[in-house]
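Below are the chains, spelled out letter by letter.
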Amino acid sequence: DFCLSRGLGDVYKRQMEDAIDRIASIAEGSNLFDLRGERETILRLSQTSFVASLTPQDEGDLPAAVRAALSARMARLLRDDAAAALYDAMIGDAGADVRALADPAHKPQDARVAVMAARADKLTLQPETATRGDVTALTEAGLSTRTIVSLTGLIAFVNYQLRVAAGLRAFKGN
């Protein structure tokens, strides 16, 4: 479970490890942990975005298990095993079709899922090649505007999170 809670003096304290700390293997009490703690607003907003992107109160047409599977897929595309393990655990007891989505080699048969996976893959590996036509493909596959916005937000956040974690690992020397 990941959370941030308001502590004394309106200062946000990490009560439990946050997702980026976990992915980047940042130990509590380390210099890097303390350095990150100096940017409390960024910590809080990053963790709030994690929760909102992966486990929103209202999932709409994008269930949490699918969000987690797409996130694991993006982590694998960027060769981030720690993040992939975190997201895999969040898939829960979803069916084999959702679990398969976490594998970038998997080509979904369902048109809606296939176009979502293609969007995640493209924006993770080659964001500069994205076009309006990609959004049109999502609409033509039957995704609502709300689902497209949720999907795009998820992809943007996970890529941000993975790149921050990679930078922190590089800073640690790992």
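Note that this is a predicted model, so its numbers are computed, not measured. (Residues numbered from 1 in each chain as written. Predicted model: local features only at pLDDT ≥ 70, side-chain atom pairs only at ≥ 80, totals over all residues. Heavy atoms only, no water.)

Draft legend 1. Here's a closer look at helix α7 (residues 111-125). An ideal rise of 1.5 Å per residue puts 21 Å on 15 residues; α7 measures up with 21 Å between its terminal C-alpha atoms. Along α7, the residues classified as buried are Val-115, Met-116, Ala-117, Arg-119, Ala-120, Asp-121, Leu-123 and Thr-124. Where α7 is buried, its residues contact α4 (64-77), α6 (96-101), α8 (132-140) and α9 (145-172). For α7, the N-terminal capping position is held by Asp-110, with its side-chain oxygen 3.0 Å away from the main-chain nitrogen of Arg-112. (Helix = DSSP H or I, 4+ residues; strand = E, 2+ residues; numbered from the N terminus. Expected span 1.5 Å × (residues − 1). Buried < 20%, exposed > 50% of the residue type's maximum accessible area, 1.4 Å probe, protein only. Contact = heavy atoms within 4.5 Å. Polar contact = N/O pair within 3.5 Å; in protein donor to acceptor, adjacent residues only side chain to side chain.)

Draft legend 2. Seen up close, the pattern of salt bridges. Applying the stated criterion across every chain, the model contains five salt bridges. With a closest N to O distance of 2.8 Å, Asp-58 and Arg-146 form a salt bridge. A residue pair is termed long-range when its members are at least 10 positions apart, and Asp-58 in the loop between α3 (40-54) and α4 and Arg-146 in helix α9 qualify at 88 residues. A salt bridge links Asp-88 to Arg-76; its shortest N-O distance comes to 2.3 Å. With a gap of 12 residues between them, Asp-88 in helix α5 (residues 81-91) and Arg-76 in helix α4 connect regions that are remote in the sequence. Residue class for Asp-88 comes out partly exposed when judged on its relative accessible area of 22%. A residue is classified by how much of its surface remains accessible, and Arg-76, at 32% relative accessible area, is partly exposed. (Salt bridge = Lys/Arg side-chain N within 4 Å of Asp/Glu carboxyl O.)

Draft legend 3. Molecular detail of the packing of aromatic side chains. Applying the stated criterion across every chain, the model contains two aromatic pairs. Here the aromatic rings of Phe-50 and Phe-157 are separated by 6.5 Å at their centres, their planes lie at 65°, and the arrangement is edge-to-face. Remark: Phe-157 occurs in helix α9 and Phe-50 occurs in helix α3; sequence separation between them is 107 residues. Residue class for Phe-50 comes out buried when judged on its relative accessible area of 3%. Phe-157 sits in the buried class, given a relative accessible area of 7%. Where Phe-157 meets Tyr-160, the ring centres are 5.9 Å apart and the plane angle is 45°; that geometry is what we call tilted. Taken together, the residues Phe-157 and Tyr-160, both in helix α9 and three residues apart, mark about one turn of the helix. By relative accessible area, which is 34% here, Tyr-160 ends up partly exposed. Cluster of aromatic residues (ring-pair linked, three or more members): Phe-50, Phe-157 and Tyr-160. (Phe/Tyr/Trp six-rings, centres within 6.5 Å; stacked < 30°, edge-to-face > 60°.)

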